Each structure stands twice: as C-alpha cells, then as structure tokens.
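# Per-entry structural report
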Amino acid sequence: AKRAGRNGVSVYSAGLTDQLLRHMELEVSLRAALPRQEFHLVYQPQVEAATGRICSVEALLRWHHPTRGLVPPTEFIPLAEESDLIDHIGQWVLRTACVQAAIWSRDGRPVRVTVNLSPRQFRQPGLARMILAVLDQTGLAPQLLEVEITEGAVMESTEAARQTLQELQQHGVGIALDDFGTGYSSLAYLTRMPIHNLKIDRCFVNGLMDGGENEAIVRAVLAMAHSLGLRVTAEGVETLDQARTLAALACDLLQGYYFSRPVAAAHVPSLLDRHWAL
Ligand code: C2E
Ligand code: CA
Ligand code: CA
Ligand code: CA
C-alpha cells in the first residue's frame, strides 16, 4: 500500500516499490504458469468482407492466475518478453493452436489459424525450423497457419529474420504484419519482406466514422497494400457501420467484436456456419 510521505520523494519510492513487487511477483507466477497449465487459447474470427464468411481465426493467449484471475496479455506478454520465458510460452501457443487447427481440419471444418509471434521470438535463429517441426508433428497443412509479427519487429529485423520469413513463405505459411500504422513510417520493408497480409490497427478503424483523417489513412493503406499484392485486415471492427464502410473501401478481411469476441475452441465450428450480410 502507498503511504503518504512527507515529501514527494518517499511517495514516489513507495509507489515504485509496489510496482516492482507486483512485477516480481507476477514474474515468479508467470514462470510457474506453463507447468501448472494456467494458459489457454481463445480464437477470434476474421471475416472475408466479400463473402461474409470466416476464413481464419486468430489465436489469443489467456492466463488464468490462481488468485488474481484473468491477467490481460498486454500485462504479462511484455514481462515474458524480458526473458526466455516468451520462447517457451510462444512455443506452447504455436503447438496448441496447430493441434487445434489440425483437429478442425480432420473434423472436416478446416479454418486457418493465425498465431502472434513476439519480437524476441522473431529474432530466434531456429524459428523457421521450430515452426516447420510443429507443423510436421501436428500434421497441420502449412497453408492453414499464418504468423503475425509487428511492424516494430520487422523494422528492427536482420537479414536472418528476413530469411526466416522467406523459408516459412516457401513452405506455404502465411505472414501477416500486425498493428500496421502504429510504428515506423518507412515502408521500404514491405517490398523487402515476404508479407501477405497487413493488419490495420484498430485506432484507425475506431475513428473511421468521424470522416476526415482516419478514412484517408485507411484508403491510402488499402491502395498501397493492394498495389503491392497484399491483403488487408481491419482490426477492432465494432459496428455494422464500420464493417460496411470498410467493405465498401474494398478491405479484404474484418475482425472485431461486431463479428465475435475471441471464443473458446469449442465455439468455433458453429461460428463457421454463420454468414454476415454487409
Ligand atoms: P493483437 O495481436 O493486436 O490482438 C488483438 C487484440 O484486440 C486482442 O486483445 C483482441 O481481444 C482485441 N480486440 C479484438 N476485437 C476488438 C474490438 O472490436 N474492440 C476492441 N477494443 N478490442 C478488440 P487481447 O487478446 O487482450 O490481446 C492483446 C495483445 O496481446 C495482442 O494484440 C497481442 O499483441 C498480445 N498477445 C495476445 N496473445 C498473444 C500470444 O499468444 N503471443 C504474443 N506474442 N502476443 C499475444
Ligand atoms: Ca495479432
Ligand atoms: Ca493487432
Ligand atoms: Ca495490438
């Protein structure tokens, strides 16, 4: 608890201690989370604007902490990213998502699954080999897997990272650029990297209906991406109005609460039967 100090300095340091304690405590329990099986995945549909049908689902990680309850990934992923923990968690996510997608496929309901890769994972030298091994072990067709990497990770990346993507692409794995528009302004990497899909960050979708700037940005991104032969996914679509506007702008894929929140694997097959009229 924060104590009111006599001066600003002690208040500040008490606050810092709290934060540090929470941080350390969380890290200790995060290390135990995998063996204790406290993680699970949820899946959020990505709907093809032209058909109104689901073409893929994004796997999103959930951590159920024994006393705190659900800890948001925005809190624990950056923590895991500070150490090799992210490699273990990331591998678990990949394996679990591929096992699940292979089950859907064998049940006659094939749907592509997309998996988030953190920047640190992306820098791992053996990444392509690891991903291909998981595909092999789970029997999932590479075409049914897409990986998402962030703009920042791609910008910082080396020639080795480019080769990783190249190798994945050659095997048929899709590559999406996540949170597009929130990072750097240089677009040169779009032509250098084998990227198939741009995901426009939800902050642009959010302001879409206010007219003006955001619509201009979305239009420009779509024109640029399409001229490079990339598909575009809009994130954070929350209303029918937004979905219709994006469909009218020829955005390829739509993802957001309007269609579905992320759901447990068991709910996915019934969502595949749905059709959204836009
Ligand atoms: P992200 O990759 O950009 O994932 C999309 C986030 O937006 C998800 O939050 C999703 O639940 C949320 N979202 C989807 N539709 C809407 C909408 O219509 N409105 C709003 N307000 N939000 C929407 P979530 O699951 O909390 O994940 C947050 C971030 O944590 C992800 O952002 C991603 O960066 C990271 N993350 C989640 N799972 C993993 C994982 O397995 N590995 C890694 N490396 N990162 C992950
Ligand atoms: Ca993502
Ligand atoms: Ca995103
Ligand atoms: Ca994000």
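Residues numbered from 1 in each chain as written. Chains lettered and ligands numbered in written order. Predicted model: local features only at pLDDT ≥ 70, side-chain atom pairs only at ≥ 80, totals over all residues. Heavy atoms only, no water.

In the nomenclature of an unreviewed UniProt entry, the protein chain is known as EAL domain-containing protein of Azohydromonas lata.

With that settled, consider the packing of helix H3 (residues 85-106) against helix H5 (residues 127-138). For the pair H3 and H5, the least separation of the axes is 9 Å and the interaxial angle reads 35 degrees. Crossing handedness for the pair H3 and H5: right-handed. On the side of H3, the interface is formed by Gln91, Leu94, Arg95, Cys98, Val99, Ala102 and Arg106, while H5 contributes Met130, Ile131, Val134, Leu135, Gln137 and Thr138. (Axes fitted to C-alpha atoms, helices over the stretch in contact; angles between N-to-C directions. Helix = DSSP H or I, 4+ residues; strand = E, 2+ residues; numbered from the N terminus. Left-handed = near helix turned anticlockwise from the far one by under 90°. Contact = heavy atoms within 4.5 Å.)

What follows covers the state of the cysteines. Inspection of every chain in the model, using the stated rule, returns zero disulfides. In this structure cysteine 98 is not part of a disulfide, and its nearest cysteine sulfur, from cysteine 55, lies 17 Å away. On the basis of relative accessible area, cysteine 98 is assigned to the buried category, the value being 0%. (Disulfide = S-S within 2.5 Å. Buried < 20%, exposed > 50% of the residue type's maximum accessible area, 1.4 Å probe, protein only.)

This part takes up the confidence of the model for the protein chain. In this model, the protein chain carries an average pLDDT of 91, and 94% of its residues clear a pLDDT of 70 or more. Interface scoring of the predicted complex returns ipTM 0.98; its pTM is 0.93. (pLDDT = per-residue confidence, 0-100.)

Before going further, it helps to spend a moment on the pattern of salt bridges. Scanning the model with the defined rule gives 11 salt bridges in all. Two residues, lysine 199 and glutamate 58, come together in a salt bridge whose shortest N-O distance is 3.0 Å. With lysine 199 in strand S7 (residues 197-200) and glutamate 58 in strand S2 (residues 53-65), this residue pair connects regions lying 141 residues apart in the sequence. As a salt-bridge pair, glutamate 146 and arginine 112 come within 2.9 Å of each other at their nearest N and O atoms. Pair noted here: glutamate 146 is in strand S5 (residues 145-150) and arginine 112 is in strand S4 (residues 112-116), with a separation of 34 residues, a long-range link. For glutamate 146, a relative accessible area of 5% corresponds to the buried category. A relative accessible area of 24% places arginine 112 in the partly exposed class. (Salt bridge = Lys/Arg side-chain N within 4 Å of Asp/Glu carboxyl O.)

Let us look at the coordination of the calcium ion (ligand 4). Note on the calcium ion (ligand 4): its protein donors are Asp179 (OD) and Asp179 (OD). The metal-donor distances range over 2.9 to 3.0 Å. Between the calcium ion (ligand 4) and the calcium ion (ligand 3), both coordinated by aspartate 179, there is a metal-metal distance of 3.7 Å. Assignment of secondary structure puts aspartate 179 in strand S6 (residues 174-180). (Donors = N, O, S within 2.8 Å, 3.2 Å for Na, K, Ca; no water.)

Before going further, it helps to spend a moment on the site of ligand 1. Around ligand 1, 21 residues are found, and the nearest of them are Gln44, Arg62, Asp178, Glu238 and Tyr257. Glutamate 238 has a polar side-chain atom sitting 2.5 Å from a nitrogen atom of ligand 1. The fraction of the free accessible surface of ligand 1 (810 Å²) that becomes covered by protein chains is 83%. Contributing elements (two or more residues each) for the shell around ligand 1: S2, helix H2 (73-81) and S6. Here the shell around ligand 1 gets four residues from one element, more than from any other, and that element is S2. Of the residues that constitute the shell around ligand 1, the class distribution is eight nonpolar, six polar and seven charged. (Near = heavy atom within 4 Å. Polar contact = N/O pair within 3.5 Å; in protein donor to acceptor, adjacent residues only side chain to side chain. Areas by Shrake-Rupley, 256 points an atom, 1.4 Å probe, with all protein chains shown as cover. Nonpolar A, V, L, I, M, F, W, Y, C, P; charged D, E, K, R; others polar.)

Following both chains from N to C, one finds H2 and H3 inclined at 125 degrees, their axes separated by 7 Å at the closest point. Here H2 lies oblique to H3, going by the angle between them. In this structure, H2 uses Ile77, Ala80 and Glu81 to contact H3, whose residues at the interface are Leu85, Ile86 and Ile89. For the contact of H2 with H3, a count of residues per class yields five nonpolar, no polar and one charged. (Parallel < 35°, antiparallel > 145°, perpendicular 65-115°, else oblique.)

What follows covers the pairing of S5. For a regular strand, the rule is simple: side chains alternate between the two faces of the sheet. Taking burial as the measure, the six residues of S5 include five buried ones, the bulk of the element. Two strands pair when backbone bridges link them, and S4 and S5 are joined in this way by four bridges, in the parallel orientation. Residue pairing in the sheet places asparagine 116 in a bridge with glutamate 148 of S5. The sheet contact formed by S5 and S6 spans five bridges and is parallel. Across the sheet, the residue bridging to threonine 150 is aspartate 178, located in S6. (Pairing = 2+ DSSP bridges.)

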